[in-house]
Amino acid sequence: MNIQDIRSLFPILDQQVNGQNLVYLDSAATSQKPLPVIEALDRYYREYNSNVHRGVHTLGTKATDGYEGAREKVRKFINAHSAEEIIFTRGATTALNTVAASYGRANLQAGDEIVITHMEHHANVIPWQQLAKATGAVLKYIPLQEDGTISLEDARETITDSAKIVSVMQVSNVLGTINPIKEIAELAHSKGAIMVVDGAQSAPHMKIDVQDLNCDFFAFSAHKMCGPTGVGVLYGKKALLENMEPVEFGGEMIDFVGLYESTWKELPWKFEAGTPIIAGAIGLGAAIDFLEEIGLENIEAYEHKLADYALERLSEVEGITIYGPKKRAGLVTFNIEDVHPHDVATVLDAEGIAVRAGHHCAQPLMKWLNVSSTARASFYLYNTEEEVDKLVAGIIKTKEYFTNVF
């Protein structure tokens, strides 16, 4: 990986913020977009903007080919068995809500158990809370180890014969924990439960093989993996999707509409009501081409190296608390003694350094950590060790500023 060549493809990085060269360390919230993705979106709108599936004219055919071509790219990207198993959604949040609203409401009843963890993003907590309220099911949590990892022994004890759904994020957006999804899926299936995976923080950074993981559903978003905002993917095993009802109704997803009854199209279109996210899907396809040309294995290895370097440098700072395991994905979440995370982020921003501060849509985890909020620096393929050094220098400057002021 030639990082400078890669950085040159991200025009947004070539700017100053508050008089300083931009250091963007918030890719876990949303990644920046490379020229191939920007150009693919521009090309669609300039050259063949049209609706899909419905028209027989040239632009409509070209748009349909681009949209369905992107679906096939997604299929290969996660190694799904069939393109029928790839549903385009508004994002990972919509994908997870679809599973809860469609599969969950049809298959759960009072006393059944839904199993998640304390580290989940709100998008993988609230849909299951609502499902439990609607059906009388019980929501259970696999406990976390002291370092923020999951023990398979705890998972085995929590996932009982009453479990019907197990839903776990593959990578924590706060701790950087990489969860043993394949093993948890095996435990879930041994009890007759399905396995749902929130892949929002894993799909951008590592090679995904849904058949090897043997998960039943897998959700991720384009905007965290160099693609556009407003589009994501729900993968589901064909046998499950075929027996699920749509959660949105309207044009495109129908086969026949009568005055009092309607029937649905086959997969995947029965879950894609209305005009779909055409430009977004095409942009996602371009993002997949970009990432695969570099190589997901190369990206993962580079980010692990960057995270190790960040942990080493940050550990040198007195009064800093770092959360999560030593072996982690490419992010570091921390607090500075006696300095609020929002103040940390504000001072760093004055140095041109963009980090995230807050609860990161993970309030149950914040409670488990016994904090209200944290600061987070998250890395991607365009970040460098020099930027980590700037982060450390900015944190030291933050400490000095608040020490002198107070």
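> Please provide a residue-by-residue account of the packing of helix H3 (residues 58-78) against helix H10 (residues 278-294), values included.
H10 packs onto H3 with a crossing angle of 45 degrees between their chain directions and a minimal axis gap of 8 Å. By the angle between their axes, H3 is oblique relative to H10. Judged by the twist between their axes, the crossing of H3 over H10 is left-handed. Contacts between H3 and H10 pair Ala63, Gly66, Tyr67, Ala70, Lys73, Val74 and Phe77 from the former with Ile278, Ala281, Ile282, Leu284, Gly285, Ile288, Asp289 and Glu292 from the latter. Here the residues of the contact of H3 with H10 sort into 10 nonpolar, 2 polar and 3 charged.

> Give me the lowdown on the pattern of salt bridges, citing residues and values where you can.
Counted according to the given criterion, the structure contains 20 salt bridges. For aspartate 26, the salt bridge goes to arginine 376, with nearest N and O atoms at 3.4 Å. Placement of the pair is aspartate 26 in the loop between strand S3 (23-24) and helix H2 (35-47) and arginine 376 in strand S17 (residues 374-378), with a sequence separation of 350 residues. Like arginine 376, aspartate 26 is buried. In this structure, glutamate 84 engages lysine 238 in a salt bridge whose closest nitrogen and oxygen atoms are separated by 2.9 Å. On the criterion of sequence distance, the pair formed by glutamate 84 in the loop between H3 and strand S4 (86-89) and lysine 238 in helix H9 (residues 238-242) is long-range, its members being 154 residues apart. With relative accessibility at 27%, the residue glutamate 84 sits in the partly exposed group. Residue classification places lysine 238 among the partly exposed positions, given a relative accessible area of 30%. Within the structure, one salt-bridge network assembled from shared partners comprises Asp26, Arg356 and Arg376.

> Lay out the packing of aromatic side chains in plain terms, naming residues and giving numbers.
Overall, the coordinates contain 11 aromatic pairs when judged by the stated rule. Ring centres 6.5 Å apart and planes at 50 degrees place the aromatic pair phenylalanine 77 and phenylalanine 220 in the tilted group. Remark: phenylalanine 220 occurs in strand S9 (residues 217-221) and phenylalanine 77 occurs in helix H3; sequence separation between them is 143 residues. Accessibility classification places phenylalanine 77 together with phenylalanine 220 in one group, the buried group. Their ring planes at 90 degrees and their centres at 5.1 Å tell us that tyrosine 401 and phenylalanine 402 sit as a pair that is edge-to-face.

Basis of the calculations
- For every chain, the first residue of the written sequence is number 1, and numbering continues from 1 along that sequence.
- Local features in this predicted model are restricted to residues whose pLDDT is 70 or higher, and side-chain atom pairs enter the listing and the counts only when it is 80 or higher, whereas totals over whole chains, interfaces and linings include all residues.
- Side-chain metrics rest on all non-hydrogen atoms present in the structure, leaving aside hydrogens and water.
- Lines fitted to C-alpha atoms define the axes here, with helix axes fitted over just the stretch in contact, and angles between the N-to-C directions of these axes take values from 0 to 180 degrees.
- Secondary structure elements follow DSSP: runs of H or I no shorter than four residues count as helices, runs of E no shorter than two count as strands, and numbering proceeds from the N terminus.
- Note that the term roughly parallel is reserved for angles under 35 degrees, roughly antiparallel for angles over 145, roughly perpendicular for angles of 65 to 115, and oblique for everything else.
- Here is the rule for handedness: rotate from the far helix to the near one, and if that takes an anticlockwise turn smaller than a right angle the crossing is left-handed, while a clockwise turn gives right-handed.
- In what follows, a contact means two residues having at least one pair of non-hydrogen atoms within 4.5 Å.
- Residue polarity is assigned by list, with Asp, Glu, Lys and Arg as charged and Ala, Val, Leu, Ile, Met, Phe, Trp, Tyr, Cys and Pro as nonpolar; anything else, Gly included, falls into the polar class.
- Any carboxyl oxygen of Asp or Glu within 4 Å of a side-chain nitrogen of Lys or Arg constitutes a salt bridge here.
- Burial classes follow relative accessibility: with a 1.4 Å probe on protein chains only, a residue under 20% of its type's maximum area counts as buried, one over 50% as exposed, and anything between as partly exposed.
- Classification of ring pairs rests on two measures: the distance between centres of Phe, Tyr or Trp rings, Trp counted by its six-membered ring, which must be within 6.5 Å, and the angle between planes, read as stacked under 30 degrees, edge-to-face over 60 and tilted in between.

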